[in-house]
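Overview (structure and organization)
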Amino acid sequence: MAKKTVWAACAVVGAALLLVGYGLQADEFTDKDEERWQGEFMSVVTEGRALWGSPTLGTNGVACGQCHPNAANTHPETYPKFQQQLGGVVAFRDMINWCLMNPLEGKKLALDDKQMIALEAYATYERRGVALDPGKH
Amino acid sequence: MTKTNLNRRDFLKGAASVAAVSAIPLSTVELAFADPSQNFTFAYISDSHIQHIKGSRFVNNWDRGLIRAVAETNLLQPKPDFVMFGGDLAQLGTKPELDHGAEMLAKLNYKTYCLLGEHDYYLDLGEYWSELFGPHWYSFDHKGVHFVVLNSILTFDEWTFDRWPTAEQRMLEMAGLDNPNGSPFMVGEKQRAWLAKDLSGVAKGTPLVVFSHSPIQKIYKGWNFWTDDAEQVQALLQPFDDVTVIYGHVHQIQYNQIGNISFHAVMATAWPWPYPRAYAQAESHMPKITVPMNRADPFFERDATGWQFINLKTGRVDMEYNLNNNTNRTVAYNPETGRPEDTKYQAEDDRINPQIHY
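Quick look at the structure, then. (Residues numbered from 1 in each chain as written. Chains lettered and ligands numbered in written order. Predicted model: local features only at pLDDT ≥ 70, side-chain atom pairs only at ≥ 80, totals over all residues.)

Moving on: the pairing of strand β10 (residues 243–247) of chain B. All names here are of chain B. In terms of burial, β10 is largely enclosed, as five of its five residues are buried. Burial of β10 is two-sided: the residues V243, V245 and Y247 facing one way and the residues T244 and I246 facing the other way are all buried. Sheet topology places strand β9 (residues 208–212) next to β10; five bridges connect them, and they run parallel. Across the sheet, the residue bridging to F211 is I246, located in β10. Each parallel crossover has a hand, and the one from β9 via helix α9 (residues 230–237) to β10 is right-handed. Two elements, β10 and strand β12 (residues 261–265), share five bridges in a ladder whose sense is parallel. Bridging from a neighbouring strand, I246 pairs with H264 of β12. (Buried ≥ 20, exposed ≤ 12 C-beta atoms within 10 Å, placed from the backbone. Helix = DSSP H or I, 4+ residues; strand = E, 2+ residues; numbered from the N terminus. Pairing = 2+ DSSP bridges. Right-handed = clockwise from strand over helix to strand, strands pointing away.)

Written out as structure tokens, the structure reads:
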């Protein structure tokens, strides 16, 4: 028993030493790391902003931004919520797809499509600072 | 509310149910005078944004809004003296869009006046629009009221003439409501000089009604709910006893009172816009007295759009909003408080949940 504990302790210490050696401590990150992560996020927001104004997302030239300047009146902070006309509790992405299919007369996107994530990133970013309020009508 | 108005409204509701389509946005204005024989009405249709896809295809949604407004306006009884179209007939100012829109407007059974919106203007600077509809700014008199039509969507010469490599790009840059590459609207020095001269021959007691596309007041610059030289234009209007400014562009109910000037916005036939307060990242200056339109329900294609019927009483405006999927609203000048007020929802306690925007 004692022998096993010793071996386990050695393994943990050894693994920790290895990780230190490779700079991979999970609980430490730098300004530079955060800058990079924010940059990655903002590049997707920028892509979402471009899609938001794009006449080619649907088939009739209508863009999201025609009705939703700065993604206003999309209320991403209120999802998931009950949408009477969709017959249940839905996610923000379901509502984006509804708009793609109806006012934009286009096809819906897969929920994990990169364009979908970009649209959601942009709309949510424009709503930053607003408290989450899931379910609110 | 007069009996005539109730009859007219009932008739409209009947006509709408016969048509069996979703509601259209309509605004009417009533101007009334001490001598009832001088009362008259006119209709106001605005912001149709007719959008060309290609060939003979146009965005059906926006087409339906204008077709419905025209059809309903033609059913008004008693008949309005004229119709005003408040700008943004087209989405990108092209000949197919302006022609298609003009063809729909031609079905109106009344004298129709038009003004320029930025979506009509920034492709060819209003050249083709002028061939169809006439001068960019003008005035006329009707039954003792002086009407002025402004082009309020001009901007800096450098932006208009020097900044963009093509006319198409200039149009697209101005067409995006929230585009930071856009530029603030203005009436401009030349037109203000014309306005001063035009008004110099008008008695100060004459009711004055001004039509513009953008608000001649400053609400939110980021979406051009704004005219940069609004104060200078207001200064030319303030000496008159009864002044009303009616504007489009904002696709929503707004009203305000600044000195002698009452302001009314009209609905779009195409689509509604959020109130600026719905954009969490910027401050705006919505007139405090405005009771907002109901929040739009996207599942009703024509919700939060409409047209107006206007009754000109005592030289002031009664604005009836004919809303396609909603209860009609009336915003009328209240002589006791000296400002436009909603006849049903003005008091805080009378407002309803859908009028809360966030």
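Across the boundary between the two partners, chain B contributes 16 residues, which contact 17 residues of chain A. Each residue belonging to the side of chain B that touches chain A can be placed in one class, and the counts come to 11 nonpolar, four polar and one charged. (Contact = placed C-beta atoms within 7 Å. Nonpolar A, V, L, I, M, F, W, Y, C, P; charged D, E, K, R; others polar.)

Residue and element names in this part refer to chain B. The residue K313 is located in strand β13 (residues 306–313) in this model. You can call K313 buried: it has 23 C-beta atoms within 10 Å. With 19 residues separating them in the primary sequence, K313 and A332 have C-alpha atoms 9.4 Å apart.

To continue, consider unusual backbone geometry. Y79 of chain A connects to P80 of chain A through a cis peptide bond whose omega is -5°. Looking at the element boundaries, P80 of chain A is found in the loop between α3 (64–67) and β1 (81–83). The omega torsion of the bond from Q77 of chain B to P78 of chain B falls at 5°, within 30 degrees of zero and hence cis. Counting through the fold element by element, P78 of chain B comes out in the loop between α2 (60–74) and β5 (82–85).

Here we take up helix α4 (residues 92–101) of chain A. All names here are of chain A. For α4, a buried count of seven out of 10 residues is recorded, marking the element as mostly surrounded by other parts of the structure. Within the span of α4, buried status applies to F92, R93, M95, I96, N97, C99 and L100. Against the buried residues of α4 lie α3, β1, β2 (88–90) and α5 (114–126).

Our next topic: α9 of chain B. For an α-helix the count is 3.6 residues per turn, leaving residues at separations of three or four pointing the same way. Residue and element names in this part refer to chain B. Buried residues of α9: A230, V233, Q234 and L237, and no others. Looking straight down α9, one finds that the buried residues subtend no more than 100° of arc, so they occupy a single side. Where α9 is buried, its residues contact α8 (189–200), β9, β10, β11 (255–258) and β12. (Arc of directions from axis to C-beta.)

This next bit is on the packing of helix α2 (residues 31–52) of chain A against α5 of chain A. Residue and element names in this part refer to chain A. In contact at an axis separation of 7 Å, α2 and α5 are set at 95° when each is read in the N-to-C sense. The orientation of α2 with respect to α5, classified from their angle, is roughly perpendicular. Counting all contacts with α2, which are made through V44, V45, E47, G48, R49, L51 and W52, the residues of α5 involved are Q115, I117, A118, L119, A121, Y122 and Y125. Among the residues making up the contact of α2 with α5, the classes are represented as 10 nonpolar, two polar and two charged. (Axes fitted to C-alpha atoms, helices over the stretch in contact; angles between N-to-C directions. Parallel < 35°, antiparallel > 145°, perpendicular 65-115°, else oblique.)

Right, let's get into the nonpolar core. A43, Y44, V210, F211 and V245 of chain B are the most contacted members of the largest nonpolar core, which has 114 residues in total. With sequence-adjacent residues up to four places away left out, F211 of chain B is seen in contact with M84, G86, L115, F147, V149, L150 and I246 of chain B. (Core = buried A, V, L, I, M, F, W, Y, C linked by C-beta atoms within 7 Å.)

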